[in-house]
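# Residue-level structure breakdown
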Amino acid sequence: MIDGKKVIFSGMQATGTLTIGNYLGALKNWIKLENEYECFYCVVDMHSITVRQDPAELRKRARSLLTLYIAAGLNPEKNCIYYQSHVSAHAELSWILGCYTYMGELSRMTQFKDKAAKHSENINAGLFTYPVLMAADILLFQADLVPVGNDQKQHLELTRDIAGRFNSIYGDVFTIPEPYIAKQGARIMSLQEPTKKMSKTDENPNASIYLLDDPDTVIRKFKRAVTDSDNRIIYSDEKPGIKNLIEIYAISTGKGIEEVEKEFDGVGYGDFKMAVGEAVVNLLKPLQERYRELEKDKAYIDGIIKANAEKASYYANKTLRKVQKKVGFPERIR
Ligand code: TRP
């Protein structure tokens, strides 16, 4: 708890570019949380180097992601959006927690197994201890709630186990975090394989609409969206492509599903796809304009980065000092 508010913490990788799936499924809902909760959104650049990165690219993408969050509507004075590498407590707590995590637990992590298979030339120790750093991220802020996708549930479960183990030895040090399930987060699917979730790292760029795609690109991708051959605009599990497009159109325009079905009753797929494309162009327009403005205002963004790193460090160090004392590190001489 901070000032009587529950704490929300989430981390995001600066790999790939955010899609309308990230926006409609998560980001847009986070904006509503800023008054009720104390929110921390961390750009996890330290996690990124577990796979090889181009340094200039990584720096650029990290800044772009942070700017995009603000452009999407997260108020950076209420939401602490910051870089993980600017707050050294992450690395320090990660080391300590690593001494309370078993090799066997880490070996069971499915993301480790997947990534080790995919990057067999670089199975480094950081890839293995990745979940420990993630646990440190969350526990440093005594987070009550963590918005995570399915692929991260196992890591959150491990975080809870580590926190519980530490607490059972040293008393109540850490808040045990719970997953935060959004009330009505949309699940946007790939435009090319509509039974698969839209991903920011899909190899096929036509499968995803990126938040910074220009209008022509957006329209072109929707025109190419995979559908079926029956040419009726009906919301049904048997028509995953059309179902996804109806959903995207509905959320982008604020209309209900049935209303959309009625609106496009008797309309062909070509015209419908065009309408969805235009709705998404309109949805993205203000966000992109704001992004372009923010990008130019270097001093403003730099100020946010500095102030938020200080704010995050303050809370993180509070927890870190407590933990250091518990495990028996000598007191600092002032
Ligand atoms: N591992 C998460 C992912 O790949 C990112 C992440 C790092 C995270 N630290 C976190 C998510 C803490 C939630 C909380 O998506």
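This write-up is about the structure you can find in this document. Keep in mind the model is a prediction, meaning the values are calculated, not measured.

Among the structural elements, Ala-116 can be located in helix H6 (residues 110-118). Given the relative accessible area of 13%, Ala-116 is considered buried. With near-sequence residues (within four places) excluded, Ala-116 lies in contact with Ile-123 and Leu-127.

A few words on the nonpolar core. Of all hydrophobic cores here, the largest spans 61 residues; its most connected members are Ile-20, Tyr-41, Tyr-69, Phe-222 and Phe-272. In terms of residue count, helix H12 (residues 269-296) provides more of this core than any other element does, twelve residues in total. Inspection of this core shows a minimum of three residues originating in each of domain 1 (7-181 + 298-327) and domain 2 (215-293). Cys-42, Met-109, Ala-136 and Tyr-315 belong to the second largest nonpolar core, which has 43 residues in total.

On the surface, a cluster of positive charge is made up of Lys-318, Lys-322, Lys-325 and Lys-326. Along the chain, Lys-318 falls in helix H13 (residues 298-327).

Attention now moves to the site of the ligand. Inspection of the region around the ligand gives 13 residues, with Gly-11, Tyr-130, Met-134, Asp-137 and Gln-152 positioned closest. At 2.7 Å from a nitrogen atom of the ligand is found a side-chain nitrogen or oxygen belonging to Tyr-130. Protein coverage of the free-state accessible area of the ligand, which is 360 Å², stands at 89%. Elements that contribute at least two residues to the shell around the ligand include exactly strand S1 (7-12) and helix H7 (125-140). By residue number, the principal contributor to the shell around the ligand is H7, which donates four residues.

This part covers empty space enclosed by the protein. All told, the structure shown has one cavity of 30 Å³ or more when counted by the stated rule. In this structure, the largest cavity encloses a volume near 40 Å³. Lining the largest cavity, in full, are Met-109, Gln-111, Phe-112, Lys-115, Leu-127, Tyr-130, Pro-131 and His-155. Elements with a minimum of two residues in the lining of the largest cavity: H6 and H7.

Its boundaries defined by the atoms lining it, the second largest pocket holds a volume of some 360 Å³. Mapped by element, the contributors of at least two residues to the lining of the second largest pocket are helix H4 (89-98), helix H5 (103-107) and H7. The element best represented in the lining of the second largest pocket is H7, accounting for six residues. Residues belonging to the lining of the second largest pocket are distributed by class as follows: twelve nonpolar, seven polar and no charged.

Now for helix H1 (residues 20-30). Of all eleven residues that make up H1, eight are buried, and the element is covered over most of its length. When we look at burial in H1, the residues that qualify are Ile-20, Gly-21, Tyr-23, Leu-24, Gly-25, Leu-27, Asn-29 and Trp-30. The N-capping residue of H1, defined by a side-chain oxygen 2.9 Å from the backbone nitrogen of Gly-21, is Thr-19.

Moving on, we get to the side chain of His-90. Within the secondary structure, His-90 sits in helix H4. For His-90, the residues in contact, after removing those within four places along its chain, are Phe-9, Cys-42, Met-46, Tyr-82, Gln-84, Leu-133, Ala-136, Asp-137, Leu-140 and Phe-141.

Bringing H7 into the picture now. Along its 16 residues, H7 runs 22 Å from first to last C-alpha, staying within 8% of the 22 Å computed at 1.5 Å per residue. With 13 of 16 residues buried, H7 is to be regarded as a mostly interior element. Two or three places before Gly-126, at the start of H7, stands the capping residue Asn-124, its side-chain oxygen 2.9 Å from that residue's backbone nitrogen. Residue Gln-142 follows H7 closely and has a positive phi angle near 50 degrees.

Moving on, we get to the packing of aromatic side chains. A complete count under the given rule lists 15 aromatic pairs for this structure. With 4.8 Å between their ring centres and 65 degrees between their planes, Phe-264 and Phe-272 make a pair best called edge-to-face. Exposure class is identical for Phe-264 and Phe-272. Each is buried. In this structure an aromatic cluster arises from ring pairing among Phe-9, Phe-40, Tyr-82, Phe-141, Tyr-314 and Tyr-315. The ring of Phe-40 carries the charged tip of Lys-311 above its face, separated from the ring centre by 6.0 Å.

Rules used throughout
For every chain, the first residue of the written sequence is number 1, and numbering continues from 1 onward in sequence order. The model is predicted, so local features are restricted to residues of pLDDT at least 70 and side-chain atom pairs to those at 80 or more, both for listing and for counting; the totals for chains, interfaces and linings are taken over all residues. The basis for every side-chain value is the complete set of heavy atoms in the structure, and neither hydrogens nor water enter the calculation. Helix and strand definitions follow DSSP, with helices as H or I runs of at least four residues and strands as E runs of at least two, each counted in order from the N terminus. Burial status follows relative accessibility: with a 1.4 Å probe on protein chains alone, a residue under 20% of its type maximum counts as buried, one over 50% as exposed, and anything between as partly exposed. We call two residues in contact when some of their heavy atoms are within 4.5 Å. As used here, the term nonpolar core means buried Ala, Val, Leu, Ile, Met, Phe, Trp, Tyr and Cys residues forming a set that is joined through side-chain atoms within 4.5 Å. Domain delimitation follows an automatic or database domain assignment. Patch definition: residues above 30% relative accessible area lacking any salt bridge, with like charges linked at up to 9 Å and the nonpolar side chains Val, Leu, Ile, Met, Phe, Trp and Tyr linked at up to 5 Å. Only the protein chains shown count as covering a residue, and every accessible area follows the Shrake-Rupley method with a 1.4 Å probe. What counts as a salt bridge is simple: a side-chain nitrogen of Lys or Arg found within 4 Å of a carboxyl oxygen of Asp or Glu. Residues counted as positive are Lys and Arg, residues counted as negative are Asp and Glu, and His and the chain ends are not counted. Charged side chains are reduced to one point each, which is NZ for Lys, CZ for Arg, CG for Asp and CD for Glu. Note on terminology: near, applied to a residue and a molecule or strand, indicates that one of the residue's heavy atoms is within 4 Å of it. Think of a polar contact as two N or O atoms within 3.5 Å of one another; within protein, one of them needs to be a possible hydrogen donor and the other a possible acceptor, and neighboring residues in sequence only count if both atoms come from side chains. Residues are said to line a cavity or pocket when one of their atoms sits within 4 Å of a point; the points come from a 1 Å grid over protein atoms alone, cavities being sets where a 1.4 Å probe fits but cannot get out and pockets being open sets with protein on both sides within 12 Å along at least five of seven lines. Grid points are joined across faces, edges and corners, and a volume is the space filled by probe spheres set on the points. Amino acids are sorted into nonpolar (Ala, Val, Leu, Ile, Met, Phe, Trp, Tyr, Cys and Pro), charged (Asp, Glu, Lys and Arg) and polar (every other residue, Gly among them). Each residue after the first adds 1.5 Å to the expected span of a helix. Pairing of aromatic rings covers Phe, Tyr and Trp, the last through its six-membered ring, and needs centres within 6.5 Å; plane angles under 30 degrees mean stacked, over 60 mean edge-to-face, and all others mean tilted. Look at NZ for Lys and CZ for Arg. If either is within 6 Å of the ring centre and within 35 degrees of the ring normal, a charge sits over the ring.

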